[in-house]
Structures are given as structure tokens and as C-alpha cells.
Amino acid sequence: MPHELPKAYDPGAIEEKWAQYWVEQKLFHLETPASAADVFTLLLPPPNVTGRLHMGHMLNQTEMDIIIRWHRMRGHKTLWVPGTDHAGIATQMMVERRLESEGKKRAEMGREAFVERVWEWRRHYGGAILGQMKRLGASVDWQREYFTMDDNLSRAVREAFVRLHEAGKIYRGAYIVNWCPRCVTAISDLEVVHEEVQGKLYEVHYPLAMASSSRAQADASQSAGSLGPSTASQGAGSPAPNATPSQGAGLPAPNATPSQGAGLPAPNAAPFKFEGALAPGTFITVATTRPETILGDVAIAVNPNDERYKSWIGKTVLVPLMGREVPIIADDWAKPEFGTGAVKVTPAHDPNDFAIGQRHDLPQLNIMDEHARLNENAVAYQGLDRYVARKRVLADLESQGLLGQVKDHLINVGKCDRCKTVVEPRLSTQWFLQVQGEIAQRAIDAVEQGHIRITPENYKTIYLNWMRGIYDWCISRQLWWGHRIPAWHCAACKEVNVAREAPAKCRKCGNADLAQDTDVLDTWFSSALLPFTCFGWPEKTKDLEVFYPTSLLITGFDILFFWVARMIMMGTWFMGGESSAGVSPAVAAGVPPAAPTPALSAPIDLSNAVPFKEVYIHALVRDKERQKMSKTKGNVLDPIEITERYGTDAVRFTLASMAAPGTDIAFNEERTEGYRAFANKIWNAARFIFMNVERARQAGVLELINSQLTIQDLAKDGRLEDVWIYSRLNSTALQINAALNEFRFDEAATRVYDFFWKDFCDWYLEAIKLRLEFEDQKPVNREAAASALFFMIYVFDNTLRLLAPFMPFIAEELWNALHKGSPFFKPISLSMFPTGDFKDIDLEIEEEMRVLQNLVADIRNLRVYLGAPPKQPLEIEIWVLDEWEQVIRNNESIIEKLANVQSINYIYEAEQLGPNTRQRPEFQVRVVYEKQIDVAAERERLTKELKKLETELANAQRNLANESFLTKAPASVVEGIRKREAELKVLIEKSRAALSELPA
RNA sequence: AGGCCCGUAGCUCAGUUGGUUAGAGCGCUUCCUUGACACGGAAGAGGUCGAUGGUUCGAGUCCAUUCGGGCCUACCA
């Protein structure tokens, strides 16, 4: 059992070894059990395959690992599934950058070669983050590692897509979507980050057309047909824009008739020049923040109730710089109080305008290409970048006298989450998942009905609010890296064939000329399916049966909507029985959502459909100034680097001890330093223990403790310190289990820390040193030495196990040092976690120990106060309450040892103690040491103490004199105050006496 | 615009359903290299709990208002 340990704790020397050992021994692998009983499953939020571990990961993984190790040690069949995410945009961007450095371009390579290149990259460098996880000791089941682009997972994604399509939940159509001109793809609402910037609000004058007001809608809509291609899906390789959004009947297909009409100037002509004069009443003024979109205007809208403009409705105006004649229409969207009350309508470039356009049958004039450069529809401005065009448009407006007031205006610009390019609302044909209605409703029900518990609870509201206002999800991306949409377009009849595998011919016309849709799915689409696809869905596997629903999800707030919400939607959909009537597609982006309709079918039992039973949302790791860590700020901490300096255990412990639910973590290395010191403390306590075990062995004491006695037997009539530490151990274990049950990682960590350092090291080990004194290799008292050894080892062993989830490396190292070689040895990760037992908590003993601790502290205080040499044993005099005398007498040796006391004299008249005492309700003590003390300082101290006591007494007495306090407060509180009152009286009396005895 | 969170010792944070004396770590002051540990030990100093008002026998804790800091959501041109 005993081992020689190096003098100082060196994490680097032990951690790598155990990290490797755990993986090699497959310690965390779980064979599929026969039943779901006692199974605990956790899914790792898959990091990007391109990712590097950051502090957020480390916090996330530390928490998961603590929970997982805790469950495993409690005997549950514990499974933690790791994997990586293919991360469409991020990975594609990264490989593109590499290609660039080789002078190659994606477009030149072609799709197939490019995708092959990405795979090659992933084979060589992908998943480095998992290697980092291994080093940090994450106890995942490496035998079950997945990648979201694996064959089986890809098959599952296709299956899910097809089934959703068959259920009428997936539709395709031309809508305004968020478009990143740099990534050249559509992105979802969630991938847009909003930023308030100072912009301008420009007023622009639109001259009334010369034609009379009798020219109305008919003409306007006629000209609509002449506006040229409207909904051009010019995204990289998008399919021909032939589909129509399946809105209600009666709407004209917005993207029909791409004919180039007459009456439009030839491309690259000079902008239309307005020659007339702007007399009052001959023009209407609108306000805009994006003047370049004027080029795509197809109407002006005013509020029907706006008196100023009532007579204008139905007239037409000329679009500046274009000369196009467009109608003035009445629409509620125009708010009289904003700007001039008149709003320009650009259906192809703004979600609201798109909606207006649909209400009024307006054409959709797209003036930009996929890079947000102006296209041929912008005529004179063709080829210009949107911001260049903006400047040019403004200059031209100004020169023609059409630019009115320009005001500062705060605008909320949407930027691409990935590359921070300003998003351009773009009309394009995309695939949507209809989550509004049934799918969202199930996800709402699952949480509302309590099948999923969310901690901290306020995230439940956030989740529900979001889910209730959800828009349909744009799931197509114009990328090459990802799951390609399983739809094939027929060259002949344009039919879209959605199928699991490539069909041989068009199901409608039989033509064999089919081309697969070029879009891929949003990466989150596949992630949303993971809780069941990673267990083999759509096959009815044993894994799926026993591991689904997973038990818990631990993740950060940032992906609550991206991932958590979508897993709940997909889980409750697919695992709750997908059955659904085909509901007509609802609204896409930019159109106000309808309230989710209740499920059509009978209520579904969602209890086992949910992807997880419980969600714990953790906080953000910030730097020590509470700033968000970001590469641009340069305040990013590399967890691996910090780990190398302080040890993984110390970093883990830092994160755990700061992880109070709901509070962001301001990571401070000074804390980590402190926890490395804690590890060092544990290390040295182990050295002390091993040293004594070795001595005991040599003295022949060790065999005494191998008896049949249990710890409970020994504790029953053991010495005070033994029973005390055993009691403390039990309450600590209970508290830690309770804390972990509520994700109170901070609480749990603090409890181990305090118990180990303060109770076990500072008091228990110090107290038993006098029982572990060996003279000439012979213990002074064999029985006392044996029981001390027994308790010491027992408590240390248990503490290591309590510590193991938090600091697995040092725990494993010392555990092995303690036990390896014993017949029933197993790694600490597979040992049993102490649960604690209420009946082994002895509050009376804890109270006795508290009094002894107070006495020792008071003596030490007096010693320092009197300036006594630390090493000189001194005599003390003590007055003690009768009922406490025996306790003190029984433990004199401890007092002598811990306070360096030579002898204890009992005084039965407190007055005889004289000055320079310390008093507690149970005792008053004096240290016999003659030295002039600082009378003034002592008087100040006593006065201060007295005042404090008197204030407290006054408060207590006021309460006790208060009738309503006595009647309304709980009896225990009243009794507590009564007791305290009595104590205070004694203390005050003694303090006064001490004060009066001070020399003048 | 709506919603949420935070404000407690010099610093970073605990304080669970309102209940006796508001805690910890780091930092600071003084002392101690005693055979586990100076990544240590001992003793100490330091807070009218952002402000105001209210509910209550009793408020750091509940309510309102307010100031300061942060976050999320949102289609106002």
C-alpha cells in the first residue's frame, strides 16, 4: 500500500499518463445494456470538426465530465457520446482559404474535387479538438465517436428530409431570405447578428408622373410584366427558379415571364434624368436608409388613413434615376408618424416590402446579384458594389435635386454570424422546413408538460417565447460541403423529385435527365437529428431503445435556439410518431407568423419522444475583466496552455467552483493558482498518510486495522476527533450529492475543498498526530495509533472518491498509490461515489468539536496577542461551564498539541482569571504569560467587542419584547434568540469585567 | 421597442423556501522554515449587501421606483 511520492505535486508528470490509460483501457466504453434501467446518457454537443478547444468548451466539458463521472461512480450504466460536426460554412471557408494559398479556386476545381479535398483535410487534421478532449480526460465513450457526415448519419439525414417532405413539412419557394454576399449563401434568421450603427435616413423626392390619376393598377401591373426577371435565383448553382411559393390561390407567380420589356433603357445607359421642376404638390417624398434600393422600387405605399396622402392613392410617380412609372398604393404598413409617412416598396430587397408586394400583386424586381453587386436591372449602375452604388445614387439624386433632407438615424444592420458581412435580404428560391404549427407546438408541449426540465428555470420562458414566435426554417445553403438535398430536378418537366436515392427517371414525365439539387442542408439540420441518429435511427436498434431519450443535455445559452430547440422539434416529431396531414406551407421569412395551430391528431405522449429529459444551460466564460473573449480583442485564453501551467485538475476545479448556475464566469488565473495549491495540499496529505502507514507497518501496527471492524463500529464509541471527522465526511458527501443533483457545481466543489483542507488537514490530521507518534519504531499507544490510521485512511479514501469527478487525475494517481495491489482494486473512476448517510451525522459531536476548536483558536489568539514565542509551551487557566468540563478534560491532549499548551488549570471562579482573557459562552480562558500588553489597544479591542455584543443584545431583547414577534415567528427562531440572549449577557458581563480590570 | 440577468470586503464570487452574529478564495498586515505541505501554518484588518420607498414581528433575500453594467429577442422604412 504505501508508496513514495515526490515531494511536490507536478501535474504534468501524472496527467498524460492517466489520460492515455483511460482511453487505452476503454474504461468509459459501455456495451449496449439489455434494458434502459439505470442508464444515464449524455450527448456531447459536437464541436466543429475545424474547431480548437476554447474556454467555453472546457467549461462545458468539465461540467459534463463531472456529472458523468458522478453517475458512473454511482453505479449507473453511463454513456457519454462524442463526435464532431461537419460545420458547413466554417469548414468550407477554411479549406477555401487553404486552396487560396495554393493559388487555387473552388470554382475552378469543381464540386466533386473540392468536396474530396475537404474530406482529405478532415482525414488529416479534422477533429483535433477530440485529441484535446482526450488530454483533458473527458470520460466519453471513444468507441462510439461519430462524424455528422458519416455514411450512416448521412443516410439518416436523407431519410429525415424525405419523411418531412412526405408529411408536407418541407416546401420550396422564392422568398426573401438572409443572404450573405461573401459566403454566397442563404443563412437562417439565427445566423444573423444584429448591430446598431449610426446611419442616415435619406429623404427622396419622387415626381408625380405626367399621366393622370386615371392610370391605375391595370397599367401598373402591365408594366410589371415588363420589368424583367424578378426572382432570379442566382445563387451558386441554384436550380432554375421555376417553383412558385405555394401561397394561397390567386397570386400570380412572381417569377414568371422573364422577358425584357420595351420601354426600359438599354443597359449601361446614363441614369434617367428628371427634367421637370419640383413644384409643391408635384412630388411625393419618401424616407429610406438604403437609397440604392430605389432602383428596384415598384411602388410607393402610404397609409390609407393618412389624410395627407389620401388624394394621391392611385396616382403614379416616376422612380428617380430609373424613370419607371410606379403606383402609389394604400397599405397599413406605412406608418404616418415615421419619416414622411410614405414608404418606397422594393419587394425583392426587403421582407416587409415583399409582403406588401404580395398583397398588391406587385412585381419583384431584383437588382442585385449573389455578391450584392447591382445587376442589369439596375441599368446604369450595373456591376457596382451595393455601397458604391449607394454613393453614386445619392450623388445623382442630389444633382437632379431629388434628394431631400438627410438625417442621422440609428439603424440595425444584420451581419453574417460567420464572416460579419452585412446581410442582404435577397429574394431567392430556397427550401424551408415548416416548423410553425405542429412541429413547434410539440416542442412547446414537451417543455410545458414537463417532459423536459430546463435549468436554470428562466431559460424555459426564453425558450417558450422564442418557440411561440418562430418562423419557418430556411434549411438550404448554397454550399458544397454538407448533406446535399435529396431532390432531383427534371430537365424536361421541371418536376422536383424528392427521394432517398437518386431516381432513374422523373416520376412525373419519365424523363431520365435529372439533376440533383445543388444546395446542401443547414448544418444544424443534421445536428438536430443527432439524439436519435447517433443511435442508429431510422433502424430500430437496441441502442435507440435503451439510450433514447438521453438523460441530460449540458450546453451554453448561445445554441439554445440553434440546436437545443431544434433537437426538441425533431425529436418530438420523429420519435413521437411523425404522422401528420399535409398542411399547406405557411409563411416564410419576412411575413408575420401565424399562431401555431394545435396538432391535428390526437394528443401525443411526448414523455419518451423528447431528445433529452433535462437541459442544463451553463454560463459564458469571460476574461477576468468580464469581457467576452474574442479573437479581435485578443483576450482569448487557451485552455490547453493554462492547463499546462497549472494542471488540468486545477483548471477544471476553477471552472467548477465558479460555475454557479446563471452567472457568467470571469475566469481569473489567480483562482487557478489557488486550486493548484489545493492539489498540492492533497498531494502532501497523501505523503503524510503514506509515511505513517509505512511507519505503522514497520511497527507492526498495520495488521491491527485489518480486523472485521467496520467504520460504524469504530465510530460508535470512538474518540471525539474520529467520530467528528466521520460525521463531517457524511454531511459533506450528502451536500455534494445534493449540489450535483441541482447542477450546483460551485457548491459541490466548495464542499470538497473545505472538507479536505479545513476539516481533514487542518484539524483531523493535526489532532491525530499525537496518536501517530512512534518512538524507536514503537507507537506510544498501539490501539490509538491503529484506530487513527484506520480513520485517516478511510476518510482519505472517501475524500478521493468525492474529489474524483472534479479532479480526476490527482484522484486517480493517489488512489492507485493507496490501493494498487490490493485484491479488489479497480480504478477510481469505477469505484463507488460516497453517498453519505444522515444517521452517521452526529451533531452533538460536531458541537463539541466546535467548542474545542474555539478554545484552541482563542488560546492561539492570546499567544500571538501576548507576543509569546510560538515554540514555547505555555500554561493556561480556564473557567468552563459545568456541562462542558468533561469534554475539555477528555480532550486535553488535543488542546495541548494544537495550541502548544503545557498544562491546563481549571479555575472555578471566573473573576480569578484576571485580565487578558478570551471568552465564549462555554468558557473563559487565559494564557499565563507575563508580558506588558498594549493597554490602549486592548481597551479599544474590548470596547469594540462590547459594543457589538450590546447592539446584538439590544436587538435580541427588542425582538423578545415584541408580542407579534413571539406569536408569529417560528418557535425554533424564538428559542434560538432566547438562548443567544443568555449567552450575550454572560459575554457582556465578562467583557465589562475584563475592561474594568485593565490598568488605567 | 419588448424581455431577461447582474450590482454583497481592495479584486473574483457564494449566500437555497425572508429568521439569531453576512461567508469563501485571492490580495493585504504581523508572526512561524515544528520531520505531509512556504503551492505551507498561525493570528488579524476589511462590508450600514448600488440608491430610495414599501410589505413584514423581522429584508442582502419579497414588491415598486431609480441609477449603473451586461445579455437576448424584434419587420419600423
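Basis of the calculations
- Residues numbered from 1 in each chain as written.
- Chains lettered and ligands numbered in written order.
- Predicted model: local features only at pLDDT ≥ 70, side-chain atom pairs only at ≥ 80, totals over all residues.
- Heavy atoms only, no water.
- Helix = DSSP H or I, 4+ residues; strand = E, 2+ residues; numbered from the N terminus.
- Buried < 20%, exposed > 50% of the residue type's maximum accessible area, 1.4 Å probe, protein only.
- Areas by Shrake-Rupley, 256 points an atom, 1.4 Å probe, with all protein chains shown as cover.
- Pairing = 2+ DSSP bridges.
- Axes fitted to C-alpha atoms, helices over the stretch in contact; angles between N-to-C directions.
- Contact = heavy atoms within 4.5 Å.
- Patch = residues over 30% accessible without salt bridge, like charges linked within 9 Å, V, L, I, M, F, W, Y side chains within 5 Å.
- Salt bridge = Lys/Arg side-chain N within 4 Å of Asp/Glu carboxyl O.
- Lys, Arg positive; Asp, Glu negative; His and termini not counted.
- Charge placed at Lys NZ, Arg CZ, Asp CG, Glu CD.
- Expected span 1.5 Å × (residues − 1).
- Phe/Tyr/Trp six-rings, centres within 6.5 Å; stacked < 30°, edge-to-face > 60°.
- Core = buried A, V, L, I, M, F, W, Y, C linked by side-chain atoms within 4.5 Å.
- pLDDT = per-residue confidence, 0-100.
- Disulfide = S-S within 2.5 Å.
- Arc of directions from axis to C-beta.
- Parallel < 35°, antiparallel > 145°, perpendicular 65-115°, else oblique.
- Left-handed = near helix turned anticlockwise from the far one by under 90°.
- Nonpolar A, V, L, I, M, F, W, Y, C, P; charged D, E, K, R; others polar.
- Polar contact = N/O pair within 3.5 Å; in protein donor to acceptor, adjacent residues only side chain to side chain.

K.L.:
Describe the overall build of chain A, and please don't skip the residues or the numbers.
P.N.:
On a plain count of helices and strands, chain A comes out with 29 helices and 31 strands. Going through the 1000 residues of chain A one by one, you find that 56% of them count as buried. About 42800 Å² of surface is accessible on chain A, with carbon and sulfur atoms providing 51% of the total.

K.L.:
Provide a residue-level description of the sheet that holds strand β29 (residues 901–906), including the pertinent values.
P.N.:
Read from one edge to the other, the open sheet built from four strands follows the order β29-β28-β31-β30, with strand pairing classed as mixed. With one partner strand each, in any of the chains shown, β29 and β30 (917–919) form the two edges of the open sheet. On average, adjacent strands in this sheet sit at an angle of 25° to one another, irrespective of strand direction. Pairing geometry for strand β28 (residues 874–880) and β29, over five bridges, is parallel. By the bridge assignment, Glu875 is partnered in β29 with Ser903. The strands touched by helix α24 (residues 843–866) within the sheet are β28, β29, β30 and β31 (923–928), with β31 carrying the most contacts at an inclination of about 35°.

K.L.:
Could you give an account of a negative patch on the surface, naming the residues involved and the relevant values?
P.N.:
Where like charges cluster on the molecular surface, the negative patch consists of Glu909, Glu911, Glu989 and Glu997. Tracing the backbone through its elements, the reader meets Glu989 in helix α29 (residues 971–997). Given the relative accessible area of 56%, Glu989 is considered exposed.

K.L.:
Account for the environment of Val496, with residues named and values stated.
P.N.:
In this fold, Val496 is placed in strand β19 (residues 496–498). Sequence spacing of Val496 and Lys508 is twelve residues, and the spatial spacing of their C-alpha atoms is 9.0 Å. Ignoring anything within four residues of it in the chain, the contact list for Val496 reads Arg172, Trp431, Ala487, Trp488, His489 and Arg507.

K.L.:
Kindly report on helix α20 (residues 720–741), identifying the contributing residues and their values.
P.N.:
Compared with the 32 Å implied by 1.5 Å per residue over 22 residues, the 32 Å span of α20 between its first and last C-alpha is a close match. Burial runs high along α20: 18 of the 22 residues are buried. Among the residues trailing α20, Phe743 stands out with phi positive, at a value near 60°.

K.L.:
Explain the pattern of salt bridges to me, using residue names and the numbers behind them.
P.N.:
Tallied over the full model, the rule gives 60 salt bridges. The partner of Glu813 in a salt bridge is Lys17, and the shortest N-O contact between them spans 2.8 Å. One end of the pair, Glu813, is in helix α23 (residues 808–819); the other, Lys17, is in helix α1 (residues 11–24), and 796 residues separate them in sequence. The class of Glu813 is buried, set by a relative accessible area of 12%. Under the relative-accessibility criterion, Lys17 is labelled partly exposed at 40%.

K.L.:
Any details on the pairing of strand β5 (residues 170–180)? Residues and values, ideally.
P.N.:
Of all the eleven residues making up β5, eleven are buried; the element is thus mostly covered by neighbouring parts of the structure. Across ten bridges, β5 lies against strand β14 (residues 424–433) in antiparallel orientation. Across the sheet, Ile170 pairs through a bridge with Leu433, a residue of β14. Sheet topology note: the β5/strand β6 (residues 185–187) ladder contains three bridges and is antiparallel.

K.L.:
Lay out the pairing of strand β9 (residues 299–302) with the relevant residues and their values.
P.N.:
Residues in a regular strand project their side chains so that they alternate between the two faces of the sheet. Here β9 shows a buried face lined by Ala299 and Ala301 and a second buried face lined by Ile300 and Val302. Pairing of β9 with strand β12 (residues 342–345), which is carried by four bridges, proceeds in the antiparallel orientation. Looking at the pairing, Val302 lines up with Ala342 of β12. In the sheet, β9 pairs with strand β11 (residues 325–330) via three bridges, with the strands oriented parallel.

K.L.:
Requested: an account of unusual backbone geometry, with residues and values cited.
P.N.:
In this structure, the amide linkage connecting Thr455 to the following residue, Pro456, adopts the cis form with an omega of -10°. Within the secondary structure layout, Pro456 lies in the loop between β15 (453–455) and α12 (458–468). Looking along the chain, the bond that leaves Trp537 and enters Pro538 is cis, with omega of 10°. With respect to the secondary-structure elements, Pro538 resides in the loop between α13 (523–533) and α14 (542–547). Residues other than glycine seldom take positive phi values, yet Phe743 does so here, at roughly 60°. Inspection of the secondary structure puts Phe743 in the loop between α20 and α21 (745–768).

K.L.:
Residue-level account of the packing of aromatic side chains, with values.
P.N.:
The tally for this structure, following the rule as stated, stands at 41 aromatic pairs. Their ring planes at 50° and their centres at 5.9 Å tell us that Tyr9 and Trp683 sit as a pair that is tilted. Within this pair, whereas Tyr9 is found in the segment before α1, its partner Trp683 is found in helix α18 (residues 669–698), the two being separated by 674 residues in sequence. Comparing Tyr9 with Trp683, the two get one shared label, buried. With a centroid separation of 5.2 Å and an interplanar angle of 90°, the aromatic rings of Trp18 and Tyr21 are classed as edge-to-face. Placement of both Trp18 and Tyr21 in helix α1 is noted, with a separation of three residues, approximately one turn of the helix.

K.L.:
Give a description of the sheet that holds strand β16 (residues 473–474) that names residues and reports values.
P.N.:
Taking strand neighbours across the sheet as the criterion, the four strands line up as β6-β5-β14-β16 in an open arrangement whose pairing is antiparallel. Each of the sheet's edge strands pairs with one partner strand only, and the pair in question is β6 and β16.

K.L.:
Tell me about the nonpolar core, and please be specific about residues and values.
P.N.:
The biggest cluster of nonpolar side chains holds 142 residues, and the ones touching the most others in it are Phe760, Met792, Phe806 and Ile810. Residues contacting Phe760, with those up to four places away along its chain left out, are Ile689, Ile725, Phe755, Leu765, Met792, Val795 and Phe796. Grouped together as the second largest cluster of nonpolar side chains are 71 residues, Leu79, Phe161, Val162 and Ala528 included.

K.L.:
An account of the confidence of the model for chain A is needed here, citing residue identities and associated values.
P.N.:
With 89% of its residues at a pLDDT of 70 or more, chain A has an overall mean of 84. Low pLDDT (under 50) marks residues 212–267, which in the prediction has 96 contacts with non-local residues, meaning those over four places away or in another chain. For residues 581–599, every residue scores under 50 in pLDDT, and the model assigns this stretch 48 contacts once sequence neighbours within four places are set aside. The complex prediction reports pTM at 0.88, with the ipTM value standing at 0.93.

K.L.:
Run through the side chain of Lys415, naming residues and quoting values.
P.N.:
Positionally, Lys415 belongs in strand β13 (residues 403–416). Excluding residues that lie within four positions of it along the chain, Lys415 makes contacts with Glu191, Val192, Val193, Glu195, Lys420, Thr421, Val422 and Val423.

K.L.:
Before we move on, can you summarise the state of the cysteines with the specific residues and values?
P.N.:
Every disulfide links exactly two cysteines, by a covalent bond between their sulfur atoms. Counted by the stated rule, this structure contains zero disulfides. Here Cys180 is not cross-linked by a disulfide; its sulfur's nearest cysteine counterpart is in Cys419, at 3.5 Å. Cys509 takes part in no disulfide bond, and the closest cysteine sulfur to it belongs to Cys490, at a distance of 3.4 Å. Look at Cys509 and you get partly exposed, because its relative accessible area is 39%.

K.L.:
Run through the environment of Leu874, naming residues and quoting values.
P.N.:
Mapped onto the elements, Leu874 comes out in strand β28. On the basis of relative accessibility, which here comes to 4%, the residue Leu874 falls in the buried class. In this structure, the C-alpha to C-alpha distance between Leu874 and Glu896, residues 22 residues apart in sequence, is 9.1 Å.

K.L.:
Can you break down helix α26 (residues 892–899) residue by residue, with the values?
P.N.:
Ile894, Ile895, Leu898 and Ala899 are the residues of α26 that are buried. Buried residues in α26, looked at end-on, bunch into an arc of 100°, giving them a common side. Positioned one or two residues after α26, Asn900 has a phi angle of 55°, which is positive.

K.L.:
Quick one: what's the story with the packing of helix α22 (residues 782–803) against α23, residue by residue and with numbers?
P.N.:
Relative orientation of the contacting elements α22 and α23 amounts to 150°, with a least axis distance of 9 Å. When the interaxial angle is binned, α22 and α23 end up roughly antiparallel. As for how α22 packs across α23, the hand of that crossing is left-handed. Taken together, the residues of α23 that come into contact with α22 (itself represented by Ile793, Phe796, Asp797, Leu800, Arg801 and Leu803) are Ile810, Ala811, Leu814, Trp815, Leu818 and His819. Taken together, the residues of the contact of α22 with α23 sort by class into nine nonpolar, one polar and two charged.

K.L.:
I'd like a rundown of the packing of α18 against α21, residues and numbers included.
P.N.:
Running from N to C, α18 and α21 point in directions that differ by 40°, and their axes come no closer than 11 Å. With respect to α21, the element α18 is oriented oblique. Between α18 and α21 lies a crossing of left-handed hand. Residues Tyr675, Ala677, Phe678, Lys681, Ile682, Ala685, Phe688 and Ile689 of α18 lie in contact with α21, whose contacting residues are Val752, Tyr753, Phe756, Trp757, Phe760, Cys761, Asp762 and Leu765.

K.L.:
Give a detailed account of the side chain of Glu15, specifying residues and quantitative values.
P.N.:
Along the chain, the position of Glu15 falls in helix α1. A distance of 3.3 Å separates a polar atom in the side chain of Glu15 from the backbone nitrogen of Asp649. If near-sequence neighbours (up to four positions away) are discounted, Glu15 is found in contact with Tyr9, Arg135, Thr643, Gly647, Thr648, Asp649 and Phe809.

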